4 protein chains.
Amino acid sequence: MDELLERLIESNRHYTTAGKLANYIPELAKANQNELGIYVVSSDGRTSFAGDCQKNFTIQSIIKPILLLLALMDNGEEMVRSHVGVEATGKPFDAINYTDQTLLSEHLNPMVNMGAILLCTLIKGQSYSEKFERLLELTRTLAGNPDITVNEAVYQSEKRTGSRNRALAFLLKSQGLLSDDVEEVLDCYFRGCSIQVNCKDLANIGFTFANRGRRPVSEERVFSARFAHYVNAVLMTCGMYDGAGDFAVRVGLPAKSGVGGGIMAISPTRMGIGIYSPGLDQKGNSLAGIHVLEDLSHTLYLSVF
Amino acid sequence: MDELLERLIESNRHYTTAGKLANYIPELAKANQNELGIYVVSSDGRTSFAGDCQKNFTIQSIIKPILLLLALMDNGEEMVRSHVGVEATGKPFDAINYTDQTLLSEHLNPMVNMGAILLCTLIKGQSYSEKFERLLELTRTLAGNPDITVNEAVYQSEKRTGSRNRALAFLLKSQGLLSDDVEEVLDCYFRGCSIQVNCKDLANIGFTFANRGRRPVSEERVFSARFAHYVNAVLMTCGMYDGAGDFAVRVGLPAKSGVGGGIMAISPTRMGIGIYSPGLDQKGNSLAGIHVLEDLSHTLYLSVF
Amino acid sequence: MDELLERLIESNRHYTTAGKLANYIPELAKANQNELGIYVVSSDGRTSFAGDCQKNFTIQSIIKPILLLLALMDNGEEMVRSHVGVEATGKPFDAINYTDQTLLSEHLNPMVNMGAILLCTLIKGQSYSEKFERLLELTRTLAGNPDITVNEAVYQSEKRTGSRNRALAFLLKSQGLLSDDVEEVLDCYFRGCSIQVNCKDLANIGFTFANRGRRPVSEERVFSARFAHYVNAVLMTCGMYDGAGDFAVRVGLPAKSGVGGGIMAISPTRMGIGIYSPGLDQKGNSLAGIHVLEDLSHTLYLSVF
Amino acid sequence: MDELLERLIESNRHYTTAGKLANYIPELAKANQNELGIYVVSSDGRTSFAGDCQKNFTIQSIIKPILLLLALMDNGEEMVRSHVGVEATGKPFDAINYTDQTLLSEHLNPMVNMGAILLCTLIKGQSYSEKFERLLELTRTLAGNPDITVNEAVYQSEKRTGSRNRALAFLLKSQGLLSDDVEEVLDCYFRGCSIQVNCKDLANIGFTFANRGRRPVSEERVFSARFAHYVNAVLMTCGMYDGAGDFAVRVGLPAKSGVGGGIMAISPTRMGIGIYSPGLDQKGNSLAGIHVLEDLSHTLYLSVF
């Protein structure tokens, strides 16, 4: 297996330079575009890896499935659904005029920013710093890595430049969907996106979703199987931005990407996979990473379809 | 298994009256709303059924995965992808003005009407009646039922009232995506939607997709496994109209519904499922049918997630 | 005045080559792009002209205000308003999905194709050829030119290539807004767009709107002043496609352009103006024509603002 | 004339209860819905009035034409146009996804909030409080009323509840169209909307636009005629929210409404008109106010068309 991963990394490394680094915050633009790494945790307890799999990077949007999970654990399925919908084709808000269409909960999705920001408000905690601590703690538990922490430079950078997310949060507020202080909510969200992980962490987190809520090896249950079904289903239809349909056809696994260059992929009952390569395609997904996953899926018949 | 199906039919039959019959063509509004039936073909060769599973109804949108399959068999994956995209969030065309945005192939999806109409042009054949004959023949082969035929009354009704589909076809033509005669293309499409099937037919067709291209029992290969992955992936992200996300969370299987009241669901490697109940929910899917599938999926752990 | 027009034509002639000929039908692409002409009919009975003002061209979208006028004359203001709205910002129809927003009368505008096509159905007449004859007759009366006729080559070309208009008409039909035969309605519309005029004709028609319904010199009333207010108001807000706001700021007159290169401008109580130059700007308006009008408006203080 | 106004007020007073008070901020909901007043300043120096014309109310969106004027006076036409467009049909921003369409200056309009907020940044001044002081000073000068001041309660209320405007400002910022501090810019905008005026003030301001930049009686020039043309043209196409087309047909004058219940209408070369009645129609315009203006326009042949 290590050999297979080695081969896939090498045969796809030329894609690393075809992508583009995220540049909306200066910190992300500093990444080394040539890096490509993979880590796999399998249901029989074995782990395999290849390439730059110890590299740290920020989790970015891959925090969204963890946010969704925590919201589900804290509130149950029904209440989360009543606040944030699950359709890819949630109608857009499009009005600049006085009389415009209303933004409804069912137009939101946990995997797009507006929905994820709203999920922060559903996490239990006395304050937003307590909410964030609980999110960080869950991330550490899922990854089995107590050393996971926030990249302060990225966090400060996100906080300084997050105008678009502020716009989305104020839209939620103006529609009566969010009542807390916008800056506090966003602070939790920005910190979440700035959590620093590596391929092994993503593989472990992904495995717990693949294993329907039980951790690798110990088989300790962290969350109910039902929530794994929920998160995995949402990842399949919306985890890869506007490239979700393409990814379903080519790879056939629930997965989430982040503009930091990470992809967490889930092979239900079989594997958790963590990938890193910071060059992004036009839809914001790791370009080389998707190619590696496509080859891996074909080689091991991983597609759920 | 028959007993389980029997129980699911009875416990969900009260949902049949909660839905609404499709009324855009008079023929569909004549259906008996109380009917509910299911047929299951399993990988071990067994078949099970319950309720009104011998009832005939028109296939409607469930012809779309078969159209997609035939287009793939005739042209290969790459060429089909270059004509009809796979994203749920294909940007809408919205312009009534002189200067407006262009409609591109990547905005189309095989499971929405515009994409399905365009797929008709990709089927091999000297004429549109030959193209349609090949589509009908493939449907019969997949279902293992040489008696499948077109419901003439529904076909005439569709043809007479199909203004919206004509609008979509002319939009394709005005954008240079379709060059053939619109009425000929639509005739093929309307005939396809008017093919009459029952639950058993849908279960057999679904099983062939579940079995990655091989028919039940005989294991005869009708199409390559790769095309089954393709069709199943598209069904998962877009098979249930605007309810695809909800269906993925609740049921977790690739499936396609039609406004005739049918649902074809696919449990990869395990089962093909055909359901019929003509009362539709607000998104146009069989309301009682989805409830039966939800219960069946939970009982047998069918979700791919 | 002739001298002034002469000067404006010469100083703006260099703009003729900056525009682009309409090419969606072959006939229009055959125009001579260097041509630029103007004809002015004033309230004191004088006429002035310069440049290529005897050139014939097809009226295209400038038929829309005449269509609107005839619909008003045949049905009155209230009934026309109930079928075709007057807002520029009528919400777009944007759905490719099963469940989509409804297209309402108030989303239509007489100056965009969908609204103009619907206006054809409001013209009185036993048949669509009678309706068209009445439209042609009104055009001749307004222009004071009984020789005005249809350019058959353009008409045939429009009819052959009008997929977009067919799409719009079928959308109207699918929404229940249009019940007549689509091809008959469009035939009337295509013929209307293919009526051949020159600058003098447009100036005379425009003058009748400027003179609130009374013809030049004879002061014979063709229609009520109220209808002139209605048409002129609609032209001000929507007569120049997506360039209406720009034209209001730069020229300040109600006007209508056509992709044939014509512009009809209306200086209420003072003048009717006809302009021709077939090179179009990005919004589909005669590029040199707008420049001539801008200079004329500034020189003679024509802006209504 | 006073008699005519008296009659129009009485015959339309029953419309006051058909509208609805703006309720997005508590202060506005406190208005007395039965009030209806009008004030007219004519080119011959006479003034006329009727009804509740001394009532104070906040200017709200009627500050927009003054903002536009000040931006024009400070920067000239070309520069203002390069930052804020003039089309009613500026395409909407509609994306919730990672890859979305860009918001361009030409999509903005001075009469919708996003454009008006951006205009604040174009006002000259060392600080935003200086910018606001200059806006207030210009308002006083145009109205000839040095006592005009801000309604502090409304201002505080706007500031507290302005989530939608914050969302719009952050969208501008995220698109690189606005670089200043959002709260400072909005503070200027909220103060501007909270300026308190009465019908006489609006009539005087409107008259200055009607008189192409010269004040009533003294004929002192405050701004160039060109800027009056610009502002009046923008008001005609976009001054009445989504009801601009309807207002052009029914009244035929440039005008601006505010959710405080005011309307400022401009009869070029002839009159400035100020109206107040706080009951709003569905588009956010004073319902009784539009009826009074419609009657006045018909009686005195005020329509520019």
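Just so you know, these numbers come straight off a predicted model, no measurement behind them.

1. Some remarks on the sheet that holds strand 5 (residues 195-197) of chain C
Residue and element names in this part refer to chain C.
Here's step 1: One open sheet accounts for 3 strands, arranged 3-5-4; its pairing is antiparallel. Because the sheet does not close on itself, it has two edges, and the strands there are strand 3 (57-58) and strand 4 (149-150).
Here's step 2: Of the strand pairs in this sheet, strand 4 and strand 5 are connected by 2 bridges, and their pairing is antiparallel. Residue pairing in the sheet places Thr149 in a bridge with Gln196 of strand 5.

2. Quick notes on the interface of chain A and chain B
Here's step 1: Residue-level contacts link 23 residues of chain A with 23 residues of chain B.
Here's step 2: Every element with two or more residues in the side of chain A that touches chain B is listed here: helix 11 (225-238) and helix 12 (244-250) of chain A.
Here's step 3: Taken together, the residues of the side of chain A that touches chain B sort by class into 13 nonpolar, 7 polar and 3 charged.

3. So, the domain arrangement of chain A
All names here are of chain A.
Here's step 1: Taken domain by domain, chain A consists of domain 1 (2-58 + 197-300) and domain 2 (61-93 + 104-193).
Here's step 2: With 30 residues of domain 1 at the contact, the number on the domain 2 side is 27 residues.
Here's step 3: In terms of residue count, helix 11 provides more of the side of domain 1 that touches domain 2 than any other element does, 8 residues in total.

4. Focus on the relation of the copies chain A and chain B
Here's step 1: Least-squares fitting of chain A to chain B yields an RMSD of 0.0 Å, with the superposition described by an axial translation of 0.0 Å and a rotation of 180°. The operation mapping one copy onto its partner corresponds to a two-fold rotation axis.
Here's step 2: A share of 100% of interface residues in chain A that are also interface residues in chain B marks the association as one of identical surfaces.

5. Describing helix 6 (residues 128-143) of chain C
At 3.6 residues per turn, the α-helix brings residues three or four places apart onto the same side.
All names here are of chain C.
Here's step 1: In a regular helix each residue adds 1.5 Å, so 16 residues correspond to 22 Å; helix 6 covers 22 Å between its end C-alpha atoms and thus fits that length.
Here's step 2: Where helix 6 is buried, its residues contact helix 3 (63-75), helix 5 (113-122), helix 9 (182-193), strand 5 and helix 10 (199-210).
Here's step 3: Taken from the residues just after helix 6, Gly144 is the one with a positive phi, measuring 65°.

6. Let's talk about helix 1 (residues 2-12) of chain A
Residues and elements named next belong to chain A.
Here's step 1: Among the residues of helix 1, those classed as buried are Leu5, Leu8, Ile9 and Asn12. Buried residues of helix 1, seen end-on, are gathered within an arc of 100° and therefore sit on one face of the element. Set apart from the buried face of helix 1 by more than 90 degrees, the exposed residues are Glu3, Glu10 and Ser11.
Here's step 2: Buried residues in helix 1 make contact with strand 1 (37-42), strand 2 (47-51) and helix 13 (287-300).

7. Observations regarding the packing of helix 5 (residues 113-122) of chain A against helix 9 (residues 182-193) of chain A
Residue and element names in this part refer to chain A.
Here's step 1: Relative to each other, helix 5 and helix 9 sit at 105°, their axes nearing to 9 Å. On the basis of the axis angle, helix 5 is roughly perpendicular to helix 9. Contact residues: helix 5 offers Ala116, Ile117, Cys120 and Thr121, while helix 9 offers Val185, Leu186, Cys188 and Tyr189.
Here's step 2: Its residues assigned to classes, the contact of helix 5 with helix 9 comprises 7 nonpolar, 1 polar and no charged.

Scoring rules and cut-offs
Residues numbered from 1 in each chain as written. Chains lettered and ligands numbered in written order. Predicted model: local features only at pLDDT ≥ 70, side-chain atom pairs only at ≥ 80, totals over all residues. Pairing = 2+ DSSP bridges. Helix = DSSP H or I, 4+ residues; strand = E, 2+ residues; numbered from the N terminus. Contact = placed C-beta atoms within 7 Å. Nonpolar A, V, L, I, M, F, W, Y, C, P; charged D, E, K, R; others polar. Domains from an automatic or database assignment. Least-squares fit on C-alpha atoms with pLDDT ≥ 70 in both. Expected span 1.5 Å × (residues − 1). Buried ≥ 20, exposed ≤ 12 C-beta atoms within 10 Å, placed from the backbone. Arc of directions from axis to C-beta. Axes fitted to C-alpha atoms, helices over the stretch in contact; angles between N-to-C directions. Parallel < 35°, antiparallel > 145°, perpendicular 65-115°, else oblique.

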